[in-house]
Amino acid sequence: MERRYPRMRFQKKLDDLKENVDQMGQATLKAYREAFSTFINYDADLVKSVMETNIKVHDMGYQIEHDAMSIIAAEQPVAGDLRFIETSIKVSSHLKRISGLASNIADIARHIKDEEIPEKPLFDLQRMADIVDGMVSKSMAAFLAKNMNVARELHRDDDKVDDLFDHALKDITKSMFQDKESISYLIYLLFLARFLERIADRAENIGDRTIFMITCEKDQFAIGKKPEEE
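Everything numeric in this text was worked out from a predicted model, so none of it was measured.

K.L.:
A description of the overall build of the protein should follow, citing residues and the corresponding values.
P.N.:
Of regular secondary structure, the protein possesses 6 helices and 0 strands. Moving toward the C terminus, one meets the helices and strands of the protein in the order α-α-α-α-α-α. Overall, the protein is about 75 × 40 × 20 Å in size when its C-alpha atoms are taken along their principal axes. Out of the 230 residues belonging to the protein, those deemed buried represent 44%. Sequence-distant contacts in the protein: of pairs separated by 6 or more residues, those separated by 24 or more amount to 83%. Only carbon and sulfur atoms are counted for the fraction: they give 52% of the accessible area of the protein, which is about 12,100 Å². Looking at charge distribution, the protein has the averaged site of its 34 positive side-chain charges lying 5 Å from that of its 42 negative ones.

Okay, structure coming up:
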């Protein structure tokens, strides 16, 4: 039976790889949402959950890389199948970084849990976080469904995050000048804004990788954008 259906066995391996990347994406998004939630309303249990999920996500990533390389070695895929496997490895790498950045956000929450955050920078950061949440979701949806239109939306979303990042920096800096004693904890908001911006970049990179997987060409809409992070 197995000798008669080598393609079916190969397709099963690809389907399993896709499912594992999907599960990794769901775990990563969970870590991100819990991290920002505990920044808004500190919860020690959530911080612990984020840290544990980060370890889990990294383990999932290593397993995906191992499985992908095993498929390449055993099946010697070409064309679209090979691009899918290579993209799965890249996506898992970006998800590991997103999860790591989520743990950084949770760590920030521990440092500022007793401080009162100024209203304006907090508003900017919440808007950033909402868009970033949507970007991570979109990037995974685009990859799993091979949807180029959704992947391209990430460029516009990233521009919005960049604009809000600039606003946040100005508002946080202004708050520092108005209250010098607040500098010791407001510096953490600068880190938070930077972490959110980096997560957005990673989500955009997943979208770009998805487009390359589909077309075997770099997206013309991405020309002039930041290069993919390693």
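K.L.:
Account for the UniProt feature "domain: PhoU" (unreviewed entry) in the protein, naming residues and giving values.
P.N.:
Feature annotation in UniProt assigns "domain: PhoU" (unreviewed entry) to the following positions: residues 22-108 and 125-209. Measuring from the first to the last C-alpha atom of residues 22-108 gives 28 Å, for a span that is 93% helix and 0% strand. This span, residues 125-209, is 93% helix and 0% strand, and a straight line between its end C-alpha atoms measures 27 Å.

K.L.:
I'd like a description of the side chain of D157, backed by residues and values.
P.N.:
You can see D157 is positioned in helix 5 (residues 148-178). Judged by its relative accessible area of 9%, D157 falls in the buried class. Apart from residues no more than four positions distant in its own chain, D157 is found in contact with I131, M135 and K138.

K.L.:
Residue-level account of the packing of helix 1 (residues 6-40) against helix 4 (residues 119-145), with values.
P.N.:
The interhelical angle for the contact between helix 1 and helix 4, taken along N-to-C directions, is 175°, at an axis separation of 10 Å. By the criterion of interaxial angle, the relationship of helix 1 to helix 4 is roughly antiparallel. Residues K18, V21, D22, G25, L29, Y32, R33, F36, F39 and I40 of helix 1 lie in contact with helix 4, whose contacting residues are L122, L125, Q126, A129, V132, D133, V136, S137, M140, F143 and L144. By residue class, the composition of the contact of helix 1 with helix 4 is 14 nonpolar, 3 polar and 4 charged.

K.L.:
Tell me about the side chain of T87, residues and numbers included.
P.N.:
As for its placement among the helices and strands, T87 is situated in helix 3 (residues 79-112). T87 sits in the buried class, given a relative accessible area of 2%. Within the local environment of T87, its side chain forms a polar contact with the backbone oxygen of R83, the two atoms lying 2.7 Å apart.

K.L.:
Quick rundown of the environment of N149? Include the residues and the values.
P.N.:
As for its position among the elements, N149 is in helix 5. Separated by 126 residues in the primary sequence, N149 and Q23 place their C-alpha atoms 23 Å from one another.

K.L.:
Talk me through helix 2 (residues 44-75); I want residue IDs and the actual numbers.
P.N.:
Under the 1.5 Å per step criterion, the end-to-end length of helix 2 is 46 Å for 32 residues, consistent within 8% with the ideal 46 Å. Inspection of helix 2 places L46, V47, S49, V50, T53, N54, V57, M60, G61, I64, A68 and I71 among the buried residues, and these make up the whole buried set. The N-terminus of helix 2 is capped by D43, whose side-chain oxygen sits 2.8 Å from the backbone nitrogen of D45. One or two positions beyond helix 2, positive phi appears at Q76, with a value near 50°.

K.L.:
Could you give an account of the packing of aromatic side chains, naming the residues involved and the relevant values?
P.N.:
Going through the model one piece at a time under the given rule, you end up with 4 aromatic pairs. Between F36 and F39, the aromatic rings sit 5.4 Å apart at their centres with planes inclined by 45°, giving tilted as the arrangement. Of this pair, F36 and F39 both sit in helix 1, 3 residues apart, which is roughly one turn of that helix. Pair check on accessibility: F36 and F39 agree, each one buried. Their ring planes at 55° and their centres at 6.5 Å tell us that Y188 and F191 sit as a pair that is tilted. Here Y188 pairs with F191, and both are found in helix 6 (residues 183-215), just 3 residues apart, close to one helical turn. Residue Y188 is classed as partly exposed on the basis of its relative accessible area of 22%. Looking at F191, the relative accessible area reads 43%, which means it is partly exposed.

Thresholds applied
The written sequence of each chain sets the order in which its residues are numbered from 1. Only residues with pLDDT of at least 70 are given local features in this predicted model, and only at 80 or more are side-chain atom pairs given and counted; all residues enter the totals for whole chains, interfaces and linings. Side-chain numbers come from the whole structure's heavy atoms, not from hydrogens or water. Secondary structure counts use DSSP, requiring at least four H or I residues in a row for a helix and at least two E residues in a row for a strand, with both numbered from the N terminus. Relative accessibility decides the category of a residue: with a 1.4 Å probe and only protein chains considered, values under 20% of the type maximum give buried, values over 50% give exposed, and everything between is partly exposed. Contact definition: two residues touch when any of their heavy atoms are within 4.5 Å. Each accessible area is a Shrake-Rupley result for a 1.4 Å probe, and residues are judged covered by the shown protein chains and nothing else. The convention is simple: Lys and Arg are positive, Asp and Glu are negative, and His and the chain ends are not counted. Every charge is mapped to an atom, namely NZ of Lys, CZ of Arg, CG of Asp or CD of Glu. UniProt positions are given in the numbering used here, feature names are shortened, and annotations may be inferred rather than shown by experiment. Axis angles are defined between N-to-C directions and span 0 to 180 degrees, where every axis is a line fitted to C-alpha atoms and, for a helix, only to the segment in contact. Roughly parallel here means an angle under 35 degrees, roughly antiparallel means over 145, roughly perpendicular means 65 to 115, and every remaining angle is called oblique. Under the scheme applied here, ten amino acids are nonpolar (Ala, Val, Leu, Ile, Met, Phe, Trp, Tyr, Cys and Pro), four are charged (Asp, Glu, Lys and Arg), and all others, including Gly, are polar. Here a polar contact means two N or O atoms within 3.5 Å. Within protein one must be a hydrogen donor candidate and the other an acceptor candidate, and residues neighboring in sequence count only if both atoms are side-chain atoms. By this rule, a helix spans an expected 1.5 Å times one less than how many residues it contains. By convention, a stacked pair of Phe, Tyr or Trp rings (six-membered ring in the case of Trp) has centres within 6.5 Å and planes under 30 degrees apart, an edge-to-face pair has planes over 60 apart, and any other such pair is tilted.

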